[in-house]
Amino acid sequence: MSKSSITRTESDSMGSVQIPDEALYGPQTQRAINNFPISRVPMPRAFIRALGLIKAAAAYSNADLDLLPKDMAKAIENVSTKVANGEYDDHFCVDVFQSGSGTSSNMNANEVIAHLAADQYKSQVHANDHVNMGQSSNDVIPAAIHISCCLLISEMLLPALHTLLNTIEKRSAELKDVTKTGRTHLMDAMPVTFGQELSGWAAQLKFNMQHIEQSFKALCKLQLGGTAVGTGINTHKKFAKKVCQRLASVTRIDFEPMDNFFAGISAQDTVVEFSAQLRGLSIILTKICNDLRLMNSGPLAGLAEIVLPALQPGSSIMPGKVNPVVPESVLMICAQVMGNDLTIAIGGQSGNFQLNTMLPVIAFNIIQSITILSNGAEMLATKAIADFVVNHENINLQLGKNPILVTALNKILGYEMGAKIAKKAYDEKRSIKDVAKEFTQISEDELAKLLDPQRLTGKGD
C-alpha cells in the first residue's frame, strides 16, 4: 500500500498512534508495522485468505448463536469474504517476523474488517469485541495455518502431483520396451527398460502422495474454539463445531474441531509432520531431476540417452548451448523446501507451555513449500518429462559395449571366468559376445540369446 504524508490519529489501550489516512487498519496493526521493519515481506496470500474465511465463519456462527446482531454479523461476513478473496491485500502489511503468536496479523484482519464492516453496518463495529468474538490469536493463527495448508493441498499440490504421476506413467508405458544400460554407483550395470526406470519414479510419488493425503486429514482438524490457552474461555460451547461446519460448507473441505485444543494451540505437530512429507517429496523430485540431467548430459561427451525440450539458450557466451533448465529449477525448489522444513521443525520446538511462539514463520515456510513444490511438479511434468526424446542410436551403442552383460553367463561359466571375459572386452573395446566365443564352447546363437539386453530386463521371452 502506498503511504501518503497525511495521517490520522487513533488510540488503543496503549495510547495514540499515527496511521496513514488511506489505511483500513487500526492502531495495533500500525504498532506492528512500526515495531517489525524486518524483511518487508508480508504474510502470504493463502494465509490472509484463511484469516478471512475464519472471520466470516466466526461471524456467521456467532449470529447463529444469537451472540451478534444479525445485520452486524452479515456485514462482518461480507467484508471477511472479500478479504479472503484478496480485495484488501494491500492493507495487510505486517511483517512475517512479528510477534510469535501472530497476534499482529490477527489484529490486522480484525481492524480492517471492523473498519469496512462499520461502513456497511452504519454503526461501530469493534475489532476485538465483534470481529474477534469467541476467538483468540492463539487459536485463530494455528487454525489459519491448517486451513491454508488444506486449501493449497487440495487446489494446487495434489492436482500437480497427479499431473506429474500421470505424465510419468504415460511415458513409462510408451517406453516399456526401450532397453538401456542400467547404472549403479554411476557405473554400467545390468540393462533396464526406460519403462522400468520411470515406474520406480511413479512408485516413489504414489507412496509420498499417500502420506500427504494422511497429513491432509490431520490438518482438517482445527484449533478454533480453544481460544487463549485451550480451555475455550470467552467462547460459546457450540462455537467450535459451528464454525468448523461453516468453514466446511464454504470450502467443501471436511473441517472439524480438534480432539484436544491444548495440543493444537501449544504445538504444531501436524504441520511439522506434513512438512516432513514435503521434504520427502523434495528428495524424490531431486532424484528424478538428477536422473533426467544425467540422461540428458552431452550431447556428445555425456550419456546422451535423452534430449530434453530446448526451452531457452543456455549460455551468454557459448552459442548453441542448451541446458536442462527445468530440472535445475526444480532442484533449487527442493533445496528451498528442505531448508524450510528445518525452519518449521525448529519452530515446532517452540511450544512453550500453552502456546507455540513461532507461528508466523511456520505459516510462511509451509505455505511457500506447498506453493513452489506444486508449481515445480507441474512444470517438471509438462516442460521436461512429457516431451523428452530418447536417443535410440546412442543407448543401443552403449548397450552393445556394456561388459556387465557377462553377468548373464554367471550360472554357466562362474564369476571368475565372467570377470576375465568382461575385462578383456573392456580393454579391447569389443563386445561381450565376441570375447565369450573365444573363451567358451557356447554357440553364437545361444550367446546372442543369453546376452540379449531385452531378455535381461525380464521383458524378453
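Residues numbered from 1 in each chain as written. Predicted model: local features only at pLDDT ≥ 70, side-chain atom pairs only at ≥ 80, totals over all residues. Heavy atoms only, no water.

## Comments concerning the overall build of the protein chain
And then number 1: Each helix and strand counted, the protein chain has 18 helices and ten strands in total.
And then number 2: Here the protein chain has a C-alpha radius of gyration of 30 Å; the compact-globule value for 461 residues is 23 Å, and the former is much larger.
And then number 3: C-alpha atoms of the protein chain, sized along the principal axes, occupy 100 × 50 × 35 Å.
And then number 4: Here the protein chain, with 461 residues, has 50% of them falling under the buried criterion. (Helix = DSSP H or I, 4+ residues; strand = E, 2+ residues; numbered from the N terminus. Rg over C-alpha atoms; globule rule 2.2 N^0.38 Å. Buried < 20%, exposed > 50% of the residue type's maximum accessible area, 1.4 Å probe, protein only.)

## Describing helix α15 (residues 415-427)
And then number 1: The first and last C-alpha atoms of α15 sit 18 Å apart over 13 residues, in line with the 18 Å expected at 1.5 Å per residue.
And then number 2: Of the positions making up α15, those classed as buried are G418, I421, A422 and A425. The arc enclosing the buried residues of α15, seen along the axis, measures out at 100°, which places them on a common side. In α15, the exposed positions angled more than 90 degrees off the buried face are occupied by E416, K420 and K423.
And then number 3: Lining the buried residues of α15 we find α14 (410-413) and α16 (432-439).
And then number 4: Just downstream of α15 lies K429, where phi reads positive at about 55°. (Expected span 1.5 Å × (residues − 1). Arc of directions from axis to C-beta. Contact = heavy atoms within 4.5 Å.)

## Some points on the pairing of strand β1 (residues 7-12)
And then number 1: Pairing geometry for β1 and strand β2 (residues 15-20), over six bridges, is antiparallel. Among the inter-strand pairings, E10 is bridged to a residue of β2, identified as V17.
And then number 2: Between β1 and β2, which follow one another and run antiparallel, lie two residues. (Pairing = 2+ DSSP bridges.)

## Regarding the pattern of salt bridges
And then number 1: A full pass over the atoms with the stated rule returns 22 salt bridges.
And then number 2: Note that K180 and E305 form a salt bridge whose closest N and O atoms lie 2.7 Å from each other. Pair noted here: K180 is in strand β3 (residues 179-184) and E305 is in the loop between α10 (269-296) and β7 (306-307), with a separation of 125 residues, a long-range link. Of the two residues, K180 and E305, both sit in the buried class.
And then number 3: Across the salt bridge formed by E428 and R430, the nearest N and O atoms sit 2.7 Å from each other.
And then number 4: It is possible to trace a salt-bridge network through shared partners that takes in K180, R183, E197 and E305. (Salt bridge = Lys/Arg side-chain N within 4 Å of Asp/Glu carboxyl O.)

## Thoughts on the pairing of β3
A regular strand places its side chains on the two faces of the sheet in alternate fashion.
And then number 1: Here β3 runs beside strand β4 (residues 187-193); their pairing, made up of five bridges, is antiparallel. By the bridge assignment for β4, T184 is matched with M187.
And then number 2: Hairpin geometry of β3 and β4 is characterised by an intervening segment of two residues between the two adjacent antiparallel strands and by a positive phi of about 60° at H185.

## What to know about the packing of aromatic side chains
And then number 1: For the coordinates displayed, the defined rule picks out zero aromatic pairs.
And then number 2: Lying over the aromatic face of F194, K180 brings its terminal NZ or CZ to 5.1 Å of the ring centre. (Phe/Tyr/Trp six-rings, centres within 6.5 Å; stacked < 30°, edge-to-face > 60°. Lys NZ or Arg CZ within 6 Å of the ring centre and 35° of its normal.)

## Here's the deal with the packing of helix α2 (residues 45-64) against helix α6 (residues 137-174)
And then number 1: Contact geometry of α2 with α6 gives a least axis separation of 8 Å together with a crossing angle of 115°. Classified by the angle between their axes, α2 and α6 sit roughly perpendicular to one another. In the packing of α2 onto α6, the handedness of the crossing is right-handed. Contacts between α2 and α6 involve A46, F47, R49, A50, L51, L53, I54 and K55 from the former and V140, I141, A143, A144, I145, I147, S148, L151, L152 and E155 from the latter.
And then number 2: Class assignment for the residues of the contact of α2 with α6 results in 14 nonpolar, one polar and three charged. (Axes fitted to C-alpha atoms, helices over the stretch in contact; angles between N-to-C directions. Parallel < 35°, antiparallel > 145°, perpendicular 65-115°, else oblique. Left-handed = near helix turned anticlockwise from the far one by under 90°. Nonpolar A, V, L, I, M, F, W, Y, C, P; charged D, E, K, R; others polar.)

## Focus: the packing of helix α3 (residues 70-84) against helix α4 (residues 103-121)
Two numbers describe a pair of packed helices, the interaxial angle and the distance between the axes.
And then number 1: Close contact between α3 and α4 brings their axes to 8 Å; oriented N to C, the two are set at 130°. Considering their axes alone, α3 and α4 lie oblique with respect to each other. Helix-helix and strand crossings are classified by hand; for α3 and α4 the assignment is right-handed. Residues D71, M72, K74, A75, I76, N78, V79, S80 and V83 of α3 form the contact with α4, whose participating residues are I113, L116, A117, Q120 and Y121.
And then number 2: Each residue belonging to the contact of α3 with α4 can be placed in one class, and the counts come to nine nonpolar, three polar and two charged.

## Here's the deal with α16
Along an α-helix, residues three or four positions apart point the same way, because every turn accommodates 3.6 residues.
And then number 1: Of all the positions in α16, only I432, V435 and A436 are classed as buried. For α16, the angular spread of the buried residues around the axis is 105°, confining them to a single face.
And then number 2: At its buried positions, α16 is contacted by α15 and α17 (444-450).

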